[in-house]
Amino acid sequence: QVQLVESGGGLVQAGGSLRLSCTVSGRTFSGSAMGWFRQAPGKEREFVAYIGWSGGTTYYSDSVKGRFTISRDSAKSTAYLQMNSLKPEDTAVYYCATGIFGSYNQRSAYRYWGQGTQVTVSS
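What comes next concerns the included structure. (Residues numbered from 1 in each chain as written. Predicted model: local features only at pLDDT ≥ 70, side-chain atom pairs only at ≥ 80, totals over all residues. Heavy atoms only, no water.)

**Digging into the side chain of Ser 21**
And then number 1: With respect to the element layout, Ser 21 can be found in strand E3 (residues 18-25).
And then number 2: A relative accessible area of 14% places Ser 21 in the buried class.
And then number 3: The residues touching Ser 21, leaving out its near neighbours within four places in the chain, are Val 5, Glu 6, Ser 7, Trp 36, Thr 78, Ala 79 and Tyr 80. (Helix = DSSP H or I, 4+ residues; strand = E, 2+ residues; numbered from the N terminus. Buried < 20%, exposed > 50% of the residue type's maximum accessible area, 1.4 Å probe, protein only. Contact = heavy atoms within 4.5 Å.)

Here you go:
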């Protein structure tokens, strides 16, 4: 059974930083691409960042490019999302996902999801 567990969310002031973690079990992490998505209240879940299985390929949404960094540690079966210069509009539940088959920025392309972690940015 594949499980993804996110952690690291919380409340932070605008301009601050957080690092989210996503630990994967029940699946070979080293061969799995990872994605991060987020969902704000009343909005659709949207793509945030992607990292390929080797870590050599990354993509970001325009709204977070230059502020967020996705990375992975295969020894720990964990993917990370470093979030800097946070803005109130970054407030959302953040989800990690894997088991991709399709476009990296499409929610429907991912088979396995974590339960999400809340990030709240105050102004």
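That covers the picture; the talk isn't over yet.
**Some points on the pairing of strand E9 (residues 92-100)**
Each regular strand carries side chains that alternate between the two faces of the sheet.
And then number 1: Buried residues dominate E9, accounting for eight of its nine residues.
And then number 2: Note that E9 and strand E11 (residues 117-122) share three bridges and pair antiparallel. Bridge pairing in E11 links Ala 92 to Val 119. (Pairing = 2+ DSSP bridges.)

**Structural notes on the pattern of salt bridges**
And then number 1: Under the criterion given, the structure shown has four salt bridges.
And then number 2: Arg 38 is the salt-bridge partner of Asp 90, the closest N and O atoms lying 2.9 Å from each other. In this pair, Asp 90 sits in the loop between strand E8 (78-83) and E9 while Arg 38 sits in strand E4 (residues 34-39), placing the two residues 52 residues apart along the sequence. You'll find Asp 90 and Arg 38 in the same group, each marked buried.
And then number 3: A salt bridge links Lys 65 to Asp 62, with the nearest nitrogen and oxygen atoms 3.3 Å apart. Residue Lys 65 shares its accessibility class with Asp 62, and that shared class is exposed.
And then number 4: Bridged by salt links that share partners, the residues Arg 38, Glu 46, Arg 67 and Asp 90 form one connected network. (Salt bridge = Lys/Arg side-chain N within 4 Å of Asp/Glu carboxyl O.)

**Some points on the packing of aromatic side chains**
And then number 1: Applying the stated criterion across every chain yields a total of nine aromatic pairs.
And then number 2: Measuring from centroid to centroid gives 5.3 Å for Phe 47 and Tyr 104, while their planes differ by 70°, and the two rings are edge-to-face. You can see Phe 47 sitting in strand E5 (residues 46-51) and its partner Tyr 104 sitting in the loop between E9 and strand E10 (110-113), a full 57 residues away along the chain.
And then number 3: Of the residues examined, Phe 47 reaches a relative accessible area of 11% and is grouped as buried.
And then number 4: Consider the rings of Tyr 95 and Trp 113, whose centres lie 6.5 Å apart with planes at 80°: the pair is edge-to-face. Note that Tyr 95 is positioned in strand E9 and Trp 113 in strand E10, a separation of 18 residues in sequence.
And then number 5: Each residue in the set Phe 37, Phe 47, Tyr 50, Tyr 59, Tyr 95, Tyr 104, Tyr 110 and Trp 113 is aromatic and connected to the rest through ring pairs, giving one cluster.
And then number 6: Across the ring face of Trp 113, the terminal group of Arg 45 is positioned such that the distance to the ring centre comes to 5.0 Å. (Phe/Tyr/Trp six-rings, centres within 6.5 Å; stacked < 30°, edge-to-face > 60°. Lys NZ or Arg CZ within 6 Å of the ring centre and 35° of its normal.)

**Some thoughts on the sheet that holds E8**
And then number 1: If you walk across this open sheet you meet the four strands as E1-E3-E8-E7, and the pairing is antiparallel. The open sheet has two edge strands, strand E1 (3-7) and strand E7 (68-73), and neither has a second partner. Averaged over all neighbouring strand pairs, the angle between strand axes comes to 15°, with direction disregarded.
And then number 2: Sheet topology places E3 next to E8; six bridges connect them, and they run antiparallel. Within E8, the residue paired with Cys 22 across the bridge is Ala 79. (Axes fitted to C-alpha atoms, helices over the stretch in contact; angles between N-to-C directions.)

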